[in-house]
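# Secondary and tertiary structure notes
As a plain string of letters, each chain reads:
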Amino acid sequence: MTTPTDLIGDIHGHAGRLKALLRKLGYERKAGAYRHPDRKIIFVGDYIDRGPDSPEVVDIVRAMVDAGSAVALCGNHEFNAICYNTSKEGGGYLRPHTAKNTHQHAATLEQYRDKPGDYDSAIAWFRTLPLFLETEDLRAVHACWDEAVIRKLHKTLGGAVLPESLLPEAAEKGTDLYYWVEVTCKGREADLPEGYSFHDKDGHERREIRIKWWQDPEGQSFQDMSVIPGLGLDHLPFRDTEATHHPTGSRPVFFGHYWLKGTPELLTPNACCLDYSVAKGGVLTAYRFDGERELNEGKLVWV
Ligand SMILES: [Mn+2]
């Protein structure tokens, strides 16, 4: 029998909302950390950036991990922050300090401006966060559980945490490790057939779509499988150059990352996205998991 677990989606600096959700789930702050007598939390990553108080979110989550009342996964924002702060051989950083990259991290940098020691400590802590978690009755990841990719990552890392020695490779476009981290923290893409493309919201021509990897691709169009609606790909039958390891019949998988809108709901009976865009006017969402093989929409909780 595993511990009943509450899984919480992307927080992005919304400390007030996090405290409200923890209280709603029955957690109380004791001896410096939120705790529940019978339950634990799994956070699926993206603690920082955009929102008003990333330092407080990091403090709350980290204290819970230290107290043994939570596990915290690494989101793409934590991975980016690590790379932004890791020097590159030959000069610069693994994540270059371009205007775009700095802008994405700006709110967090500003909030830590007067406490550089705390910022360094937060980055050092991010380096210890696992990229994925599997227990006997659930799986959790920031963006995408692709079984083949997770297996390769596990073998290469010797576990679920990216060691510092592999960071340069993980940040280097074109390497296998870069691809595996990208899939796991940012999601799976599929190439469009030869001759097809679309323009993304920034006007860039794209020849691949980010896919709903949790969905059975059988009989679906590229549009059905695309995370972004309205690309005009409805007539185009979906096929993928790589096998899509969609999790039919497997233990439930929980993730965040997709900036979903509206009222939280299950994506399938065993796939649950917990990111309902708290940093874009949405809600902070949790699922109360008690080991069930089929998830129950009534167990979603949000504030
Ligand atoms: Mn994310």
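Residues numbered from 1 in each chain as written. Predicted model: local features only at pLDDT ≥ 70, side-chain atom pairs only at ≥ 80, totals over all residues. Heavy atoms only, no water.

Along its length, the protein chain carries 9 helices and 16 strands. Relative to the compact-globule value of 19 Å for 303 residues, the protein chain shows a C-alpha radius of gyration of 19 Å, a close match. In terms of its C-alpha atoms, the protein chain occupies a principal-axis envelope of roughly 60 × 50 × 40 Å. Taken over 303 residues, the protein chain has a buried fraction of 51%. (Helix = DSSP H or I, 4+ residues; strand = E, 2+ residues; numbered from the N terminus. Rg over C-alpha atoms; globule rule 2.2 N^0.38 Å. Buried < 20%, exposed > 50% of the residue type's maximum accessible area, 1.4 Å probe, protein only.)

Bringing helix α1 (residues 15-24) into the picture now. Buried within α1 are the following residues: Ala15, Leu18, Leu21 and Leu22. One side of α1 carries all its buried residues, which in axial view fall inside an arc of 125 degrees. Residues of α1 that are exposed and point over 90 degrees away from its buried face: Arg23 and Lys24. Contacts made by the buried residues of α1 are with β1 (5-8), β3 (33-35), β4 (40-43), α2 (54-67), β15 (283-289) and β16 (300-302). Glycine 26 sits one or two residues past α1 and shows a positive phi near 90 degrees. (Arc of directions from axis to C-beta. Contact = heavy atoms within 4.5 Å.)

Of the protein atoms, only Asp46 (OD), Asn76 (OD1), His142 (NE2) and His257 (ND1) coordinate the manganese ion, at distances of 2.2 to 2.3 Å. Here the donor residues of the manganese ion share one chain and are spaced in sequence as D-x29-N-x65-H-x114-H. Taken together, the residues asparagine 76 in helix α3 (residues 76-84) and histidine 142 in the loop between β7 (139-141) and α6 (147-157) connect sequence positions 66 residues apart. Residue class for histidine 142 comes out buried when judged on its relative accessible area of 0%. (Donors = N, O, S within 2.8 Å, 3.2 Å for Na, K, Ca; no water.)

Pairing within the open sheet is mixed, and its 4 strands lie in the order β6-β7-β12-β13. What marks the edges here is a single partner per strand, and that holds for β6 (132-134) and β13 (271-273). Taking each pair of neighbouring strands and ignoring which way they run, the sheet shows an average axis angle of 10 degrees. Note: β7 against strand β12 (residues 253-255), 2 bridges, orientation parallel. Across the sheet, arginine 139 pairs through a bridge with valine 253, a residue of β12. (Pairing = 2+ DSSP bridges. Axes fitted to C-alpha atoms, helices over the stretch in contact; angles between N-to-C directions.)

Of the two faces of β1, the one carrying Thr5 and Leu7 and the one carrying Asp6 and Ile8 are both buried. Pairing analysis gives 4 bridges linking β1 to β4, with the strands arranged parallel. Note on β4: the bridge partner recorded for aspartate 6 is isoleucine 41. Pairing geometry for β1 and β15, over 4 bridges, is antiparallel. Across the sheet, aspartate 6 pairs through a bridge with arginine 288, a residue of β15.

Mapped onto this numbering, the UniProt entry annotates "domain: Calcineurin-like phosphoesterase" (unreviewed entry) at residues 7-152. Between the first and last C-alpha atoms of residues 7-152 the distance is 25 Å; the span itself is 43% helix and 14% strand. (UniProt positions renumbered as here; feature names shortened; annotations may be inferred.)

Right, let's get into the domain arrangement of the protein chain. Often the size quoted for an interface is simply the accessible area lost on bringing the parts together. Split into domains, the protein chain comes out as domain 1 (5-147 + 251-302) and domain 2 (189-243). Distance between the C-alpha centres of domain 1 and domain 2: 27 Å. (Domains from an automatic or database assignment.)

In this section: the packing of α3 against helix α4 (residues 99-111). At a closest axis distance of 11 Å, the pairing of α3 and α4 adopts a crossing angle of 100 degrees. With respect to their mutual orientation, α3 and α4 come out roughly perpendicular. Listed contacts from α4 to Asn80, Ala81 and Tyr84 of α3 are Asn101, Thr102, Gln104, His105 and Leu109. In terms of residue class, the contact of α3 with α4 is built from 3 nonpolar, 5 polar and no charged. (Parallel < 35°, antiparallel > 145°, perpendicular 65-115°, else oblique. Nonpolar A, V, L, I, M, F, W, Y, C, P; charged D, E, K, R; others polar.)

A separate point is the packing of α1 against α2. Taken N-terminus to C-terminus, the directions of α1 and α2 make an angle of 35 degrees; their axes are 8 Å apart at the nearest point. When you trace α1 past α2, the crossing you get is left-handed. Mapping the contact onto sequence places Ala15, Leu18, Lys19 and Leu22 in α1 and Glu56, Val57, Ile60, Val61 and Met64 in α2. Class assignment of the residues belonging to the contact of α1 with α2 gives a composition of 7 nonpolar, no polar and 2 charged. (Left-handed = near helix turned anticlockwise from the far one by under 90°.)

All right, on to the packing of aromatic side chains then. Summed over all chains, the structure comprises 13 aromatic pairs. Measuring from ring centre to ring centre gives 5.5 Å for phenylalanine 254 and phenylalanine 289, while their planes differ by 75 degrees; the resulting arrangement is edge-to-face. With phenylalanine 254 in strand β12 and phenylalanine 289 in strand β15, the pair connects residues that are 35 residues apart, well separated along the chain. Assessed through its relative accessible area of 0%, phenylalanine 254 is described here as buried. The class for phenylalanine 289 is buried, based on a relative accessible area of 1%. Members of the aromatic cluster, connected to one another through ring pairs, are Phe43, Tyr47, Trp125 and Phe126. (Phe/Tyr/Trp six-rings, centres within 6.5 Å; stacked < 30°, edge-to-face > 60°.)

A few words on the environment of asparagine 76. Look at asparagine 76 and you get buried, because its relative accessible area is 9%. Discounting residues that sit within four places of it in the chain, asparagine 76 has contacts with Asp46, His142, Cys185, Lys186 and His257. There is a polar contact of 3.4 Å between the side chain of asparagine 76 and the side chain of histidine 257. (Polar contact = N/O pair within 3.5 Å; in protein donor to acceptor, adjacent residues only side chain to side chain.)

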